[in-house]
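Summary of structural features
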Amino acid sequence: MDFQVVILAGGFSSNLVPLVSKEVPKALLPVANRPVLSYVLDLLESNNLKDLIVVVEGEDAALKVGGWISAACVDRLHVEVAAVAENVGTAGALRAIAHHLTAKDILIVSGDIVSDIPPGAVAATHRRHDAAVTVMLCAQPVSGPSESGGSSGKDKTKKPACEDIVGLDSWKQFLLYIAKGTEIKKDTRVKKSILCAAGKMELRSDLMDSHIYAFKRSVLQEVLDQKPAFRSLKQDVLPYLVRTQLRSDVSSDQNNVEEIGNGKDNMQNNEVVLSQILSNASLPSFHQVYESGLDSRKTHKCCVYIADESKFFVRLNSIQAFMDVNRDVIGDANHLSGYSFSAHHNIVHPSAELGSKTTVGPHCMLGEGSQVGDKCSVKRSVIGRHCRIGSNVKIVNSVVMDHATIGDGCSIQGSVICSNAQLQERVTLRDCQVEAGYIVCAGGEHKGETFARK
Amino acid sequence: MESRRNPRAVVDPKVRQVGFFTSSQPDSSSTQQQTEPISASASASSPPVSTISPSGNSLSPVMIPPPRLNSSDTFPLRNAAAGATSAVSPSSFSYSNRRDFPDGSTTASPGRHSRGSFVKSSAPVASSLPGIGMDSMAAAKSSSVPASGLTTVSVVTMPPGLAENASGMEVQSDQKKNSKSLKEKTTKAERRAIQEAQRAAKAAAKADGGKVPPGTSASLASTSVKVAKPAKPSTQKNEVAVSAGVTEKKGGPSEKDRKKDAPHPRMQYDDESRVVKAKRRAVVKQTEAKNRVELFRHLPQYEHGTQLPDLEAKFFQLDPMHPAVYKVGLQYLSGDISGGNARCIAMLQAFQDVIKDYSTPPEKNLNRDMTSKISSYVSFLIECRPLSISMGNAIRFVKNRIAKLPITLSESEAKAALQSDIERFINDKIIGADMVIVKHAVTKIRDGDVLLTYGSPTAVEMILLHAHELKKKFRVLVVDSRPKLEGQLLLRRLIKRGISCTYTHINAISYIMHEVTKVFLGASSVLSNGTVYSRVGTACVAMVASAFRVPVLLCCEAYKFHERVQLDSICSNELGDPNAISKVHGREDINYLDGLTNNANLQFLNLMYDATPSDYISMIITDYGMVPPTSVPVIVREYQKEHLLV
């Protein structure tokens, strides 16, 4: 279908410290014991997109990601990994690989998405409208700790009121305005020309930019070339394209190129009539109305695809989101995990060892080779491979990564224990994050802390 | 016209013709032919077979150059796989840099690539890449960020046969591949032997079947295989043929399958078994609407709103579909393109793209393979929206041109010939015809005329604009109807040119007709008894006009003529979105019918077309001149042949 897929897998995201480390770039963070990138790759593979470019920030991260992909996806996908310098932003990353982009349209997918929305829908909308850019919007996910986790009175529970503010036309097809919710203080500017042309704008704060975009390649490359200051797709390139949709600087490639070829007057005339018949037949978008109103105006279309609310979509871009994703993938959205659940709605690997009187509740996952001592209780948590958990341990709403060691009598709630970390006896953690390889001393009681080596 | 359905209840003999007649006229078979696949091409369109022996897993890893840059092939995956001369063993992977393959050659020596090393390539490599000069220049310009190279970390080693229809084929056993390749090697004589073997087996089975107590068909089939085996001298080959036949079935709805059973353009949708069959093949998910008007049950009516998202979601999964065709299909489905001329032109342009990107698969005949391809595309388009008669004629033309291609032509010549043929069809039969129609019709417009038009017909719009350019003084009445309100678009364009207009809805037609001096109408098709098949409401306008003794001039290109005879608009019609008539766009406050949509006692009917009897038409303006409706069969007879030969 002449689409090229670019996955922006990021590098070591600062939002996710201390979960990410030199060993574990963001793309390889485990979600239900699988790297988050694998969810994106699976989604694309199930849509028959097997020729992918993965862009990773930083050489080391690229090596790690490349190594994982080649082990996991050999014979299934044709993946190329590109390493870009760190901190160039998403636009910078695309600039770096711009010379590899040859297809007519580019599908850009963020590498930290866990979703079941078919990307084909975005591509189809893009093609149907012949748009410069198409953005997928989806409903804001329900954030915050799960109900049973109860009352963590942290400020994370009251998430920012709205992440994105989008303006749509009355048919909900075109994007008229987009801004980050946090950027808007009191007032904001809306282009008058766009408002006049569209007639009506619907401002919505319940939709979120899903970081899945379809770009026309020529437009994308032109913008990236012309505006070297642009760093981020979402914050720079996209608002720029939306802002300028009625006074387009980018050449909409077809109209200009096609009509040069015909020398004959008659032919040219026919062509004009032809395009007129075609354009008269369809309901004109406000772009066309605007274009016809004033001479020599050029426009480009910024379309949206609004995903169905029943679809699952989460971006792993914060620690809270990490917890949410882990919870959802083995809970409500378990069709994404690819595992088959037992009758108790949990996954206990056959090689995992459970002590006597240990209970593993529903929506839990116990990785391969993990050992759990006696009288433990695991609820709504993901435990990685080869973990050793002592007896009398309570783990609720938490994520324990591979090879972690948890001593007897610990109580863990709403926390993330990274791989190789060690918790000595009788540690009580609540809403904490423990860095990889960190050792938490015995008997401590902690709440909302981050354990990392300085 | 509801009350007129019963002919006996109506006194006026004129009206009687619009009523519900069970027509005893034989349906013309030409529309049936045009979408029916040529049966001979069935054998030619079996899925491409891999030339790579999949069992040959050599251990030496072969690097496959990233395919995107080497060719503009739309199927890079297959390209990559085809480039491999031997399969890469799944366990061995290696990193390679693009530098190893400056020209994308497939003869990569294993010694040259650097295993496991992760080399970062920058600008020099990029500029040495072939075929992307412009792009790499662009990259060099923006020097703030160093260009970075790609590293292939994972490759796919699927044989191309599998890659093409990966959906169903993957599950099949190795035996199938072997049998396939075996089957391919067979010579003509061998094939003949196989065929005879099958025939003999069938005969034996039939003979056997007499003795066998009546059982299921499955058991019969199995016995036939059993009987066949000992009966034949070349047992092995027979087995191969049978297994190939079986696996073919297993492979899901392959392209061949689709094409063979393309839904009949005039399928009776109240025939349950056929509908079920058609649904199984369908690309577009079609949920039948529940509450349907009994009289129109034979027409396809689907839940609107479910098809588009589903088709969109499958965007990347429809490998055999050409992007251009897909786009046109989407536009039909979403209503972005409507109107006979525009739909026809869009389809023909998509076919031009198809032909441009077409390359004959090995061991296939261009004429036959292309015809089958076009057929499968057409059946996809039918699923998106039923064909109009103009499109049917155009498809017939294209297929005829393909079939008539001389075999001596090379592929590129044939493609060029076809493209120019299609171009000529668009220019001569559609646009050229419109020009001629305009020339004729303008002579009928006098100063002081009040012209009425209904909907938004292309030809009429051109006439009005041209007449305005000639400084004729006239006024236009645009009559419109819900739910499409196409007239508003026409109105907007006419006003922009400075033509004075009046806009009204069809409810007011009898009131407004007093002041009209001429009525100009468009048509979707003109049938050979002079009946005009057109946008719903046209019949009403024409009838009122003739009652007021206002001349009705119908503008229709001759390529929309059809030899079919139709007396009513019931047996052949199209049902639109039923929700469109119950909702008013942009006015959520008008919701009088909310909550009744799923009421079993309420059925919505949104007809798209109606048939105007020839009595109400004063004159048909076509590219062969101005003719009375009774002359349509003459034009059809005299020029239809020429249509096809062009």
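Residues numbered from 1 in each chain as written. Chains lettered and ligands numbered in written order. Predicted model: local features only at pLDDT ≥ 70, side-chain atom pairs only at ≥ 80, totals over all residues. Heavy atoms only, no water.

1. Notes on the overall build of chain B
Put simply, the rule reads: Each helix is a run of H or I in the DSSP string that is no shorter than four residues. Each strand is a run of E no shorter than two, and both are numbered from the N terminus. Note on classification: 1.4 Å probe, protein chains only; a residue is buried when its accessible area is under 20% of the maximum for its type, exposed when over 50%, partly exposed between these limits. Whether two residues are in contact is decided by their heavy atoms: any pair within 4.5 Å suffices. Computed by Shrake-Rupley with a 1.4 Å probe, the accessible areas treat only the displayed protein chains as cover when residues are assessed.
Within chain B one finds 24 helices and 13 strands. A buried classification covers 50% of the 646 residues belonging to chain B. Excluding contacts between residues fewer than 6 apart, the proportion of contacts in chain B whose partners are at least 24 apart in sequence is 77%. Carbon together with sulfur atoms contributes 55% to the accessible area of chain B, which is approximately 30100 Å² in total.

2. Let's talk about the overall build of chain A
Counting its regular elements, chain A contains eleven helices and 33 strands. Looking at chain A residue by residue over its 454 residues, the buried ones come to 58%. The long-range share in chain A, meaning contacts at least 24 apart out of those at least 6 apart in sequence, stands at 56%. Carbon together with sulfur atoms contributes 49% to the accessible area of chain A, which is approximately 18300 Å² in total.

3. Thoughts on the sheet that holds strand 10 (residues 175-180) of chain A
Residues and elements named next belong to chain A. Heads up, the rule is: Whether two strands pair comes down to DSSP finding at least two bridges between them. Axis lines are fitted to C-alpha atoms, over the contacting stretch for helices. Their N-to-C directions set the angle, which ranges from 0 to 180 degrees.
Taken in spatial order, the three strands line up as 10-9-11 in an open sheet, and their pairing is antiparallel. Each having just a single partner strand, strand 10 and strand 11 (202-204) make up the two edges of the open sheet. Taken over all neighbouring pairs, the strand axes of this sheet differ in orientation by 15° on average, direction set aside. Pairing geometry for strand 9 (residues 164-168) and strand 11, over three bridges, is antiparallel.

4. Things to note about the sheet that holds strand 6 (residues 518-522) of chain B
All names here are of chain B. Reading across the sheet, the seven strands line up as 5-4-3-6-9-12-13 and stay open at both edges, with mixed pairing between neighbours. Strands at the two margins of the open sheet, each flanked by one partner only, are strand 5 (501-505) and strand 13 (625-627). Strand after strand, the sheet turns through a mean of 25° between neighbouring axes, direction not considered. Here three bridges tie strand 9 (residues 552-555) to strand 12 (residues 619-622), and the two strands are oriented parallel to one another. Bridge assignment links Cys555 to a residue of strand 12, and that residue is Ile621. Contacting strand 3 (449-454), strand 4 (474-480) and strand 5, helix 20 (residues 486-496) runs over the sheet at an angle of about 160° to strand 4.

5. Some points on the pattern of salt bridges
In plain terms, the rule: One side-chain nitrogen of Lys or Arg within 4 Å of one carboxyl oxygen of Asp or Glu is enough to make a salt bridge.
Tallying each qualifying case throughout the model produces 23 salt bridges over all chains. Notably, a salt bridge pairs A:Lys234 with A:Asp164, separated by 2.6 Å at the nearest N-O pair. Separated by 70 residues along the polypeptide, A:Lys234 in helix 7 (residues 233-243) and A:Asp164 in strand 9 bring together distant segments of the chain. By the burial criterion, A:Lys234 is buried, and A:Asp164 matches it. The closest approach of N and O atoms between B:Glu486 and B:Arg535, which form a salt bridge, is 2.7 Å. Of this pair, B:Glu486 sits in helix 20 while B:Arg535 sits in strand 8 (residues 532-535), and the two are 49 residues apart along the sequence. You can call B:Glu486 buried: its relative accessible area is 17%. Take B:Arg535: its relative accessible area is 17%, and that puts it in the buried class.

6. Concerning the side chain of A:Lys234
Residue and element names in this part refer to chain A. To be explicit about the condition: As used in this structure description, the phrase polar contact means that two N or O atoms lie within 3.5 Å; if the pair is within protein, one of them must be able to donate a hydrogen and the other to accept it, and residues adjacent in sequence are counted only when both atoms belong to side chains.
On the basis of relative accessible area, Lys234 is assigned to the buried category, the value being 10%. Within the structure, Lys234 has its side chain in polar contact with the side chain of Asp209 (distance 3.4 Å). Apart from residues no more than four positions distant in its own chain, Lys234 is found in contact with Asp164, Lys180, Asp209, His211, Tyr213 and Pro239.

7. Some thoughts on a nonpolar patch on the surface
Residues and elements named next belong to chain B. Where we set the bar: A patch consists of residues whose relative accessible area exceeds 30% and which take part in no salt bridge; residues with like charges are grouped when within 9 Å of each other, and nonpolar side chains (Val, Leu, Ile, Met, Phe, Trp, Tyr) when within 5 Å.
On the surface, Tyr592, Leu593 and Leu596 cluster together to form a nonpolar patch covering roughly 310 Å² of accessible area. On the secondary structure map, Leu596 appears in the loop between helix 23 (579-582) and strand 11 (609-612). According to the relative accessible area criterion, Leu596 is partly exposed, its value standing at 31%.

8. Section: the side chain of A:Asn33
Looking at the element boundaries, A:Asn33 is found in the loop between strand 2 (30-31) and strand 3 (34-35). With sequence-adjacent residues up to four places away left out, A:Asn33 is seen in contact with A:Tyr339, A:Met365, A:Gly367, A:Val382, A:Ile383, A:Gly384, A:Arg385 and A:Asp402.

9. Overview of the packing of aromatic side chains
Short version of the rule: Working definition: rings of Phe, Tyr and Trp (its six-membered ring) pair if their centres are within 6.5 Å, and the pair is stacked with planes under 30 degrees apart, edge-to-face with planes over 60 apart, and tilted otherwise. Over a ring means this: the NZ of a Lys or the CZ of an Arg is within 6 Å of the ring centre and within 35 degrees of the ring normal.
Here the structure, examined in full by the defined rule, presents seven aromatic pairs over all chains. When the ring of A:Phe230 is compared with that of A:Tyr240, the centres are 5.4 Å apart and the planes differ by 65°; the resulting orientation is edge-to-face. Residue A:Phe230 is found in the loop between helix 6 (217-226) and helix 7, and its partner A:Tyr240 is found in helix 7; the two are separated by ten residues along the sequence. Just as A:Phe230 is buried, A:Tyr240 falls in that class too. Considering the side-chain rings of A:Tyr438 and A:Phe451, the 5.7 Å spacing of their centres and the 45° angle between planes classify their relative orientation as tilted. Here the residue A:Tyr438 occupies a position in the loop between strand 30 (433-434) and strand 31 (439-440), and A:Phe451 occupies one in strand 33 (residues 450-451), the gap between them amounting to 13 residues. Ring-pair connections join several aromatic residues into one group, and the members of that group are B:Phe397, B:Phe425 and B:Tyr559. Here the basic side chain of B:Arg343 rests over the ring of B:Tyr332, its NZ or CZ set 5.3 Å away from the ring centre.

10. What about the confidence of the model for chain B?
All names here are of chain B. Put simply, the rule reads: A residue's pLDDT is the confidence the predictor assigns to it, expressed on a 0 to 100 scale.
With 54% of its residues at a pLDDT of 70 or more, chain B shows a mean pLDDT of 69. Taken together, the stretch residues 1-144 has pLDDT below 50 and engages in 225 contacts with residues farther than four places along the chain or on a different chain. Contacts of residues 158-185 to residues separated by more than four positions or lying in other chains number 41 contacts, the stretch itself having pLDDT below 50. Scored by ipTM, the complex comes to 0.76, with pTM at 0.69.

11. Comments concerning helix 7 of chain A
Residue and element names in this part refer to chain A. Along helix 7, eight of the eleven residues are buried, which leaves the element largely enclosed by surrounding structure. Looking at helix 7, one finds that the buried residues are Leu233, Lys234, Val237, Leu238, Pro239, Tyr240, Leu241 and Val242. Sitting at the amino-terminal end of helix 7 is Ser232, which places a side-chain oxygen 3.2 Å from the backbone nitrogen of Lys234.

12. Some remarks on the packing of helix 6 of chain A against helix 7 of chain A
Residues and elements named next belong to chain A. In plain terms, the rule: Under this scheme an angle from 65 to 115 degrees is roughly perpendicular, one under 35 degrees roughly parallel, and one over 145 degrees roughly antiparallel; angles in between are oblique. Residues are grouped as follows: Ala, Val, Leu, Ile, Met, Phe, Trp, Tyr, Cys and Pro are nonpolar; Asp, Glu, Lys and Arg are charged; every other residue, Gly included, is polar.
For the pair helix 6 and helix 7, interaxial distance at closest approach is 11 Å and the crossing angle is 110°. On the basis of their axis angle, the class for helix 6 and helix 7 is roughly perpendicular. Residues Val219, Leu220, Val223, Leu224 and Gln226 of helix 6 form the contact with helix 7, whose participating residues are Leu233, Val237, Tyr240 and Leu241. Residue classes in the contact of helix 6 with helix 7 are distributed as eight nonpolar, one polar and no charged.

13. What about unusual backbone geometry?
B:Pro483 follows B:Arg482 through a cis peptide bond whose omega is -5°. As for its position among the elements, B:Pro483 is in the loop between strand 4 and helix 20. The phi angle at A:Arg380 is positive, at roughly 45°, despite the residue not being glycine. With respect to the element layout, A:Arg380 can be found in the loop between strand 20 (377-379) and strand 21 (382-383).

14. A word on helix 20 of chain B
An α-helical turn contains 3.6 residues, so any two residues separated by three or four positions project in the same direction. Those residues of helix 20 of chain B that fall on the buried side of the exposure criterion are B:Glu486, B:Gly487, B:Leu489, B:Leu490, B:Leu491, B:Arg493 and B:Leu494. Phi turns positive, to about 90°, at B:Gly498, one or two residues after helix 20 of chain B.

15. Quick notes on the environment of B:Val450
Residues and elements named next belong to chain B. Position of Val450 relative to the elements: it lies in strand 3. By relative accessible area, Val450 is classed as buried at 10%. Between the C-alpha atom of Val450 and that of Val476, which follows or precedes it by 26 residues, the distance is 5.8 Å.

16. A look at the environment of B:Thr504
Residues and elements named next belong to chain B. Following the sequence through the fold, Thr504 ends up in strand 5. Relative accessible area serves as the criterion here: at 12%, Thr504 is assigned to the buried category. Taking the C-alpha atoms as reference points, Thr504 and Asp480, separated by 24 residues in sequence, lie 6.2 Å from one another. Among residues more than four places away in sequence, those in contact with Thr504 are Val478, Val479 and Asp480.

17. Remarks on the confidence of the model for chain A
With 85% of its residues at a pLDDT of at least 70, chain A reaches an overall mean of 80. Scored below 50 in pLDDT, residues 252-265 of chain A shows twelve contacts in the model against residues more than four places distant or in partner chains.

18. Things to note about the packing of helix 16 (residues 366-384) of chain B against helix 17 (residues 389-403) of chain B
All names here are of chain B. Heads up, the condition is: Handedness of each helix crossing follows the sense of rotation of the near helix against the far helix: counterclockwise by less than a right angle gives left-handed, clockwise gives right-handed.
At their nearest, the axes of helix 16 and helix 17 sit 9 Å apart, and the two run at 165° to each other. Viewed along their axes, helix 16 and helix 17 adopt a mutual orientation that is roughly antiparallel. The crossing of helix 16 and helix 17 is right-handed. Mapping the contact onto sequence places Asn367, Met370, Thr371, Ile374, Ser375 and Val378 in helix 16 and Ile395, Val398, Lys399, Ile402 and Ala403 in helix 17. Partitioned by chemical class, the residues of the contact of helix 16 with helix 17 number seven nonpolar, three polar and one charged.

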